[in-house]
Amino acid sequence: MLRTQVGSVSLQTPLLLASGYITETPEFFMRAQPYGCSGIVTRSLKQRVPPERSRITVPRYAVFGQDNMLNCEWGNEKPWTEWRDSGVRHVQDAGCPIIVSLSGRDLESCCYLIQTFDELDVDAYEINISCSHSGALHGNLNVDELHLEQLMKKVRGVTKTPIWIKLSYSNLLLSMAQRAQELGADAIVCTNSIGPGMLIDTKTAKPKLGIKGGGGGVSGKAIFPIALWCVHQLSQNLTIPIVGCGGIFTADDVVQMLMAGARAVQLYTAPALKGPVVFKRITAGLGRFLAENPQYDSIEDLIGLTLEKTREHRFSSPCPVVIEEKCTGCGICVQSCAFDALTMLRRANRKPLAVIADNCISCNACVGVCPPKFDAIKASF
Ligand SMILES: Cc1cc2nc3c(=O)[nH]c(=O)nc-3n(C[C@H](O)[C@H](O)[C@H](O)COP(=O)(O)O)c2cc1C
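In this text the structure is predicted, and so the values were computed from the model without any measurement.

About the criteria used
Residues numbered from 1 in each chain as written. Predicted model: local features only at pLDDT ≥ 70, side-chain atom pairs only at ≥ 80, totals over all residues. Pairing = 2+ DSSP bridges. Helix = DSSP H or I, 4+ residues; strand = E, 2+ residues; numbered from the N terminus. Axes fitted to C-alpha atoms, helices over the stretch in contact; angles between N-to-C directions. Near = placed C-beta within 6 Å. Nonpolar A, V, L, I, M, F, W, Y, C, P; charged D, E, K, R; others polar. Contact = placed C-beta atoms within 7 Å. Left-handed = near helix turned anticlockwise from the far one by under 90°. Buried ≥ 20, exposed ≤ 12 C-beta atoms within 10 Å, placed from the backbone. Domains from an automatic or database assignment. Core = buried A, V, L, I, M, F, W, Y, C linked by C-beta atoms within 7 Å.

S.K.: Would you mind going over the sheet that holds strand E9 (residues 163-167) with me for this structure?
M.R.: In any sheet, the strands associate via hydrogen bonds between backbone groups, in a parallel or an antiparallel arrangement. Spatial ordering of the closed barrel is given by E3-E4-E7-E8-E9-E10-E15-E16, a layout of eight strands whose pairing is parallel. With strand direction ignored, the average angle separating the axes of adjacent strands in the sheet is 25 degrees. Two elements, strand E3 (residues 15-17) and strand E16 (residues 264-267), share three bridges in a ladder whose sense is parallel. Paired with leucine 17 across the two strands is leucine 267, which belongs to E16.

Next comes the structure, spelled out in structure tokens:
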């Protein structure tokens, strides 16, 4: 029911552990795998770590708004040879797919690592050309079509193993992805952390990240809508599979990604902040979703369902509806309505009730502000 396929890579569930410091070694994945995480993407490996990157900047990440991170990870904490000597075998012995992530900046190193890992029969390579903070310091590969062409020609020449290209949001996303497809990429992974962004500690006036320039990549819930849009855009225009990534925390997020056209998804910030158990909740949630929606036999039936539904504007806009028995009269919707279209009905001996008036323009802001625990205003489109 939860099985999917990204080209030749078969997955027991659509959930993969995305590249980052929690995939420096296989350990975190080994704890996530029994909960339904079906494969791992290693940390982006470099054959040679430039001397300035052999030391890790401090702080290297900052958590904000609970479910988001800003990070300036770079370099590798462990040498890439650990994956060659034991890490890959460890994952394969557990019967799971392993996707080796490679930094796509140094083309010679990238080819050398591919030739080395090909001997170990890894399932795919994910080439990272979308790191926002290294882009800010050393040139933004995420929008560099010439670099992409050189990269694809080189790596396609040395391996038949699937090549996934990891891109981030940019206004060149579609043309970069199309070029990668033309040059033989087998899948696009989107998105990396988005940025650079910045946070400042107002007690010290210092940036919250230790990297020169202060910029880092934003990940977590805040980027989910952007990531979803990227996946939808790519799915609509490409024939190779898309792997969605960015801000996924719940089964509903995964279903949205699949409906937007992703064949599988990757998670980083959610497991990094909540632990491997997040995969258990999501796997259970996906099972529940299929049980409650028997028109779908498996998650494969969800893939791309939304693509047809976004081709035209929607003009019909009935006003939302207040569900009387659920409304607690808290009044948040009344305060937030910019059009004076909600009033509070005072009822004798009963709690007040929000009422939608004639001047409602159906913007549906009230649906969004009604606290989820009450869920008392429903959109009616
Ligand atoms: C601390 C940290 C380190 C990361 N390191 C890498 C990396 O080495 N290679 C890579 O391709 N992406 C890296 N990423 C990006 C994630 O793999 C992922 O694409 C991004 O965080 C968006 O997904 P999320 O919102 O689920 O975290 C890193 C992200 C974070 C937060």
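S.K.: Mind showing me how you'd approach the site of the ligand here?
M.R.: Surrounding the ligand, one finds 26 residues, the nearest of these being Ala18, Gly20, Ser219, Tyr268 and Thr269. Only strand E6 (68-71), strand E14 (216-220) and helix H9 (269-274) provide two or more residues apiece to the shell around the ligand. Class assignment of the residues belonging to the shell around the ligand gives a composition of 10 nonpolar, 13 polar and three charged.

S.K.: I tried to follow the environment of methionine 198 on my own but got confused; where do I start?
M.R.: Its location among the elements puts methionine 198 in the loop between strand E11 (194-197) and strand E12 (200-201). In this structure, the C-alpha to C-alpha distance between methionine 198 and arginine 281, residues 83 residues apart in sequence, is 31 Å. Apart from residues lying up to four places away in sequence, methionine 198 is in contact with Pro207, Gly214 and Gly215.

S.K.: What is the right way to read the packing of helix H8 (residues 251-259) against helix H10 (residues 277-292) from this model?
M.R.: Two measures define how a pair of helices packs: the angle their axes make with one another and the distance between the axes. Packing of H8 against H10 brings their axes to within 8 Å, and their N-to-C directions diverge by 65 degrees. Like other packed secondary-structure pairs, H8 and H10 cross with a definite hand, here right-handed. For the pair H8 and H10, the contacting residues are Ala251, Val254 and Val255 in the first and Ile282, Gly285, Leu286 and Phe289 in the second. Its residues assigned to classes, the contact of H8 with H10 shows six nonpolar, one polar and no charged.

S.K.: Help me understand the environment of isoleucine 240 in this model?
M.R.: With respect to the helices and strands, the residue isoleucine 240 is situated in the loop between helix H7 (224-237) and strand E15 (242-245). Owing to 20 C-beta atoms within 10 Å, isoleucine 240 belongs among the buried residues under this scheme. Linking isoleucine 240 and isoleucine 188, residues 52 residues apart in sequence, is a C-alpha distance of 7.4 Å. Once residues lying within four places of it in the same chain are set aside, the contact partners of isoleucine 240 are Gln181, Ala185, Asp186, Ala187 and Ile188.

S.K.: Would you explain the domain arrangement of the chain in this entry?
M.R.: Note on interface size: it is often stated as the accessible area lost on association of the parts. Domains assigned within the chain are domain 1 (4-310) and domain 2 (321-378). Using C-alpha coordinates to define each centre, domain 1 is positioned 41 Å away from domain 2.

S.K.: So what exactly am I meant to see when it comes to the nonpolar core here?
M.R.: Across soluble globular proteins, you tend to see nonpolar side chains buried next to one another. One finds Trp164, Ile188, Cys190, Val231, Val243 and Val265 to be the most contacted residues of the largest nonpolar core, which totals 93 residues. Among the elements that make up this core, the one with the highest residue count is H7 (six residues). Apart from the residues within four sequence positions on either side, isoleucine 188 is in contact with Ile165, Leu167, Ala177, Ala180, Leu234, Leu238, Ile240 and Ile242. Counting 10 residues, the second-largest nonpolar core is a separate cluster that includes Cys327, Ala341, Leu342 and Cys366.

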